[in-house]
Amino acid sequence: MKRKVVYQQQQKFNYKWKRKVFAAILLGFCFGSLVLMQCQYTRIMSLRPRFVQKPKIAFLFIARNRLPLEMVWDKFFKAQESRFSIYVHSRPGFLFSKGTTRSIYFLDRQVNDSIQVDWGGASMIEAERILLRHALADPFNDRFVFLSDSFADTKEGRYNPKMAPVIPIHNWRKGSQWAVLTRKHAEIVVNDTTVFPMFQQHCKRKSLPEFWREHSFPADPSKEHNCIPDEHYVQTLLAQESLEGELTRRSLTYSSWDLSSSKDHERRGWHPATYKYADATPLLIQSIKEIDNIYYETEHRREWCSDKGKPSSCFLFARKFTRPAALRLLTMSVLGANSNEAIRESKHAK
């Protein structure tokens, strides 16, 4: 009986030992298979062409309807599809189809929630915010460039004291609306719920006689604040956020502000000069490219333009050109040659 008990115990021991050995072999087999699969996967992936999505530039167009200079942009964008995105804010209901644009780059690029924009009103700022909101939906968009359909120191009376509780006068800024924003700054603009309402209420264009039929006659026109929202909003907002140290204080878009072109003193400097067919020459484009410094009259200082510590041209874009002027420049092969350089330089702009 004793021998039988010992035999049974030995059998149980042998069974348990075999189970452990089998489990160890099975575990080793699984681990070895896993290592082999990982090696094969790594080998296969190394043979595949590597594709890494690089940061893109979002070009944001504010237009009424059609883009009169689309043929210029078509040449600019050609063969660079992976390096940019395009968004267009046009009047509500206007679609960029084959019947309204000849450029494949603008087909169906209009945003679907556009608003009616009035020049000199806060609606221009809202249009910019709409464009940024759409562009930020693409995580690869890293720079945001505002452009017009025909490619602006604080002036007396522009700051409204009613803004003071939210926007102190020492944070009031002016600059060109044709700016380049980083993704960080674009997100601040889109998420702003403090400065934008102040602009809606207290930053408005001065009434002009031709609009008095549509709006109430001002009690005293001389006391009106002539505030153009899109020339102040982004710069003031970023000043409020204490981010001016991250900014380059100039625009990449050239405009010729001829203060003597208008006979009406009130309108002088409201709009830049428009280049027509006779003005469009290689000499004009070359003269713009050769501008390497900017003089700030109100600050009595000159700033030399640079890129990564080296002297460079100040401007990558220019406005305003008529359609015949743009066609003449294209015919002369003056435009489009440096589009690669322009896109590369825009990525370094703050």
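For every chain, the first residue of its written sequence is number 1, and the numbers climb from 1 along that sequence. Where local features are concerned, this predicted model is filtered to residues with pLDDT of at least 70; where side-chain atom pairs are given and counted, the filter is 80 or more; whole-chain, interface and lining totals use all residues. Where side-chain values are given, they derive from all heavy atoms of the structure, hydrogens and water being excluded.

1. Overview of the packing of aromatic side chains
Here is the rule: rings of Phe, Tyr and Trp (six-membered ring for Trp) pair when centre to centre is within 6.5 Å. Planes less than 30 degrees apart are stacked, more than 60 are edge-to-face, and the remainder are tilted. Enumeration over the complete set of coordinates arrives at 23 aromatic pairs. Look at Trp172 and Phe199: their rings are 5.6 Å apart centre to centre, the planes differ by 20°, and that puts the pair in the stacked class. In this pair, Trp172 is assigned in the loop between β3 (141-148) and β4 (180-182) and Phe199 in helix α5 (residues 195-202), connecting sequence segments 27 residues apart. Take Trp172: its relative accessible area is 4%, and that puts it in the buried class. Owing to a relative accessible area of 0%, Phe199 belongs among the buried residues under this scheme. An aromatic cluster of at least three residues, connected via ring pairs, comprises Phe59, Phe61, Trp73, Phe76, Phe77, Phe84, Tyr105, Phe106 and Phe317. A run of DSSP states H or I qualifies as a helix once it reaches four residues; a run of E qualifies as a strand once it reaches two. Both are numbered from the N-terminal end. Residue burial is assigned from relative accessible area. The probe radius is 1.4 Å, only protein chains are included, and a residue is buried under 20% of its type maximum, exposed over 50%, and partly exposed in between.

2. A look at the side chain of Arg143
Looking at the secondary structure, you find Arg143 in strand β3. Between N or O atoms, a polar contact is any pair within 3.5 Å; within protein, one atom must be a potential hydrogen donor and the other a potential acceptor, and residues adjacent in sequence are included only when both atoms are from side chains. Within the local environment of Arg143, its side chain forms a polar contact with the side chain of Asp142, the two groups lying 2.8 Å apart.

3. Digging into α5
Residues of α5 that are buried include every one of Val195, Phe196, Met198, Phe199 and His202, and no others. Seen end-on, α5 carries its buried residues on one side only, within an arc spanning 160°. Tucked inside the fold, the buried residues of α5 contact α3 (123-136) and α6 (233-240). The arc under discussion is defined with respect to the helix axis, by the directions toward the C-beta atoms. Whether two residues touch is decided by their heavy atoms; if any such pair falls within 4.5 Å, the residues are in contact.

4. Observations regarding the confidence of the model for the chain
Across the chain, the average pLDDT comes to 78, with 69% of residues at or above 70. The quantity called pLDDT is the predictor's confidence in a given residue, expressed from 0 to 100. By mean pLDDT, helix α9 (residues 339-348) is the weakest element of the chain at 47, and helix α4 (residues 183-191) is the strongest at 95. Note that residues 264-268 has pLDDT below 50 and, in this model, 7 contacts with residues that lie over four places away or in other chains. Across residues 337-343, confidence stays below pLDDT 50; counting only partners more than four residues off in sequence or on other chains, it has 13 contacts.

5. A word on the environment of Phe61
For Phe61, the position within the fold is in strand β1 (residues 56-62). Along the backbone, Phe61 and Leu147 are 86 residues apart, and their C-alpha atoms lie at a distance of 4.9 Å.

6. Quick word on the packing of helix α2 (residues 70-77) against helix α8 (residues 323-331)
Interaxial distance between α2 and α8 falls to 9 Å at its minimum, and their mutual angle equals 35°. The residues of α8 that touch α2, namely those facing Met71, Val72 and Lys75, are Arg323, Ala326, Leu327 and Leu330. Amino acids outside the nonpolar list (Ala, Val, Leu, Ile, Met, Phe, Trp, Tyr, Cys, Pro) and the charged list (Asp, Glu, Lys, Arg) are all regarded as polar, and Gly is one of them. Class assignment for the residues of the contact of α2 with α8 results in 5 nonpolar, no polar and 2 charged. Lines fitted to the C-alpha atoms define the axes, with helices restricted to the stretch that makes contact. Angles between their N-to-C directions range from 0 to 180 degrees.

7. Thoughts on the state of the cysteines
Disulfide: a pair of cysteine sulfur atoms within 2.5 Å of each other. All told, the structure shown has 2 disulfides when counted by the stated rule. Here Cys203 pairs with Cys227 through a disulfide, and the sulfurs are 1.7 Å apart. Judged by the sign of its S-S torsion, about -75°, the bond between Cys203 and Cys227 is left-handed. With Cys203 in the loop between α5 and α6 and Cys227 in the loop between α5 and α6, this residue pair connects regions lying 24 residues apart in the sequence. Classification of Cys203 by relative accessible area gives buried; the value is 1%. The exposure class assigned to Cys227 is buried, which follows from its relative accessible area of 0%. Here Cys305 connects covalently by a disulfide to Cys314, the sulfurs 1.8 Å from one another. Looking down the S-S bond of the Cys305 and Cys314 bridge, the torsion is 95°, so its handedness is right-handed. The pair formed by Cys305 and Cys314 is uniform in burial state, with each residue classed as buried. What connects to what in the chain, once the bonded cysteines are numbered by sequence position, is 1-2, 3-4.

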